[in-house]
Amino acid sequence: MSDRPIFVVGCPRSGTTMLQLMLHAHPRIALPPESRFLLPAYHRRHEFGDLGDPARRCALAEFITGTSHFEDLGLDRQATIEAIAAAPPTLGSALGTVFKLYAERFGKPRWGDKRPLYLRHLPTIRRLFPDAQIINIVRDGRDCVASLKETPWGPRDIDELIDIWARSADSSLRAARAYPAGVYHQLRYEDLVADPEPHLRSICDFLGEEYDPAMAHPSELAAVAVPEYKTWHALTRSEVTTARVSSWQRRLTAEEIDRCEAIFGDRLTRFGYQLSTACRRTPEITAARTWLAVRDKLSPARERAAAVRGRLRARRRGPALPARL
């Protein structure tokens with residue numbers, strides 16, 4: 001049986017938490033509440049230096065267990081620090097140790113993690129965990145924008161909300177081109193909620209696992225794997241439903257719908273969604289669409305530039321060697 005790590009990704013408000021719970025319901029798989037230490041640890045790897053040094057492993061462990069969402073995992077802080085210190089001297093091993101400890105809480109052999117932002121950092125995930133399997137859930141961009149509008153943490157400007165989905169869509173399209181079938185699996189939210197079992201069976205085939213009927217009833221685990229303070233995930237405590245499919249029709253204004261479709265309508269159709277309006281190509285809309293296309297092409301170069309900046313900062317203030325991945 002496989003022990004490859006599993007990463008659930010997608011645009012925010014696309015059903016990643018529901019899918020996390022579905023996978024957590026599997027008797028061999030544990031996916032924790034959303035954590036916030038993996039990407040920060042990677043970006044600060046030049047500061048942690050050579051993890052062959054036990055003191056540096058302890059410093060990394062202190063950083064991980066001191067992050068704001070660590071308590072959501074229900075792990076003992078000191079035991080986690082000791083486990084990271086005893087792990088192999090690589091950043092991936094240190095991070096994986098935390099998720100492994102979470103899986104052990106439930107007596108499960110296989111671990112994973114869920115965070116929407118990982119979708120835009122899949123090369124990083126694969127560098128840290130070369131055998132990782134990635135599941136990307138895609139949702140109608142208009143529904144994502146409508147849902148983001150209602151969260152207490154999302155931006156208020158409609159163009160910022162549109163940009164969030166457009167960037168996620170471009171990352172999804174890029175990942176589908178880049179990764180083979182055994183590494184990357186993509187599905188649509190609308191298909192999953194309409195008929196969960198066949199799509200969950202397909203996910204299990206991808207993961208090399210047997211399907212378990214409990215996966216189709218994620219609400220039974222919401223109290224365990226979704227912290228109560230995350231009120232924007234309240235619907236995870238209800239049965240899987242199609243009630244929110246195409247709810248953008250009543251949750252967005254006509255002007256907002258028109259703007260969504262004008263800017264990212266071509267991306268909607270590539271994922272199989274139908275447009276409701278004839279997109280008007282004003283100079284402003286044309287400029288916005290052009291910028292999205294240019295930014296998508298520049299994205300890999302920007303990631304490489306960020307890595308170079310990190311190395312330069314580390315040379316000025318810290319260890320010469322970054323943490324091995």
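Residues numbered from 1 in each chain as written. Predicted model: local features only at pLDDT ≥ 70, side-chain atom pairs only at ≥ 80, totals over all residues. Heavy atoms only, no water.

(A) Highlighting the overall build of the protein chain. Secondary structure assignment for the protein chain yields 15 helices and five strands. Buried positions account for 53% of the 325 residues belonging to the protein chain. At a minimum sequence separation of 6, the contacts of the protein chain that also span at least 24 residues come to 74%. By element, 53% of the accessible surface of the protein chain is carried by carbon and sulfur atoms, the whole surface being about 14700 Å². (Helix = DSSP H or I, 4+ residues; strand = E, 2+ residues; numbered from the N terminus. Buried < 20%, exposed > 50% of the residue type's maximum accessible area, 1.4 Å probe, protein only. Contact = heavy atoms within 4.5 Å. Areas by Shrake-Rupley, 256 points an atom, 1.4 Å probe, with all protein chains shown as cover.)

(B) Highlighting the environment of S168. Along the chain, the position of S168 falls in helix α9 (residues 158-178). It is 6.8 Å that separates the C-alpha atoms of S168 and R120, two residues lying 48 residues apart in sequence. Those residues in contact with S168 that lie beyond four places of it in its chain are C11, P12 and L119.

(C) Summary view of the pairing of strand β3 (residues 110-114). Where burial is concerned, most of β3 is hidden: five out of the five residues are buried. Here β3 shows no split at all, with R110, G112 and K114 on one side and W111 and D113 on the other all buried. Bridge analysis of strand β1 (residues 6-10) against β3 gives three bridges, and the strand direction is parallel. Across the sheet, residue F7 finds its bridge partner in β3, namely D113. With two bridges connecting them, strand β2 (residues 29-30) and β3 associate as parallel partners. Within β3, the position partnered with I29 by the bridge is R110. (Pairing = 2+ DSSP bridges.)

(D) Just helix α6 (residues 91-105), in detail. A rise of 1.5 Å per residue sets the reference length of α6, with its 15 residues, at 21 Å; its end C-alpha atoms lie 22 Å apart and thus fit the reference within 8%. Listing the buried residues of α6 in full gives L91, G92, A94, L95, G96, T97, V98, F99, Y102 and A103. Downstream of α6 by a residue or two, G107 has a phi angle that is positive, lying close to 65°. (Expected span 1.5 Å × (residues − 1).)

(E) Quick look at the pattern of salt bridges. Across all of its chains, the model carries 17 salt bridges by this definition. In this structure, E209 engages R110 in a salt bridge whose closest nitrogen and oxygen atoms are separated by 2.8 Å. Taken together, the residues E209 in the loop between α11 (196-207) and α12 (222-225) and R110 in strand β3 connect sequence positions 99 residues apart. Close ionic contact of R142 with E261 constitutes a salt bridge, the shortest N to O distance being 2.6 Å. Taken together, the residues span a long stretch of sequence, with R142 in helix α8 (residues 141-149) and E261 in helix α14 (residues 254-270) at a distance of 119 residues. Under the relative-accessibility criterion, R142 is labelled buried at 2%. Looking at E261, the relative accessible area reads 0%, which means it is buried. (Salt bridge = Lys/Arg side-chain N within 4 Å of Asp/Glu carboxyl O.)

(F) Seen up close, helix α5 (residues 77-86). Among all positions of α5, only T80, I81, I84 and A85 are buried. An end-on view of α5 places all buried positions within 135° of arc, on one side of the element. Packed against the buried residues of α5 are α4 (54-65) and α6. Capping the start of α5 is the job of one residue whose side-chain oxygen sits 3.3 Å from the backbone nitrogen of Q78: D76. (Arc of directions from axis to C-beta. Polar contact = N/O pair within 3.5 Å; in protein donor to acceptor, adjacent residues only side chain to side chain.)

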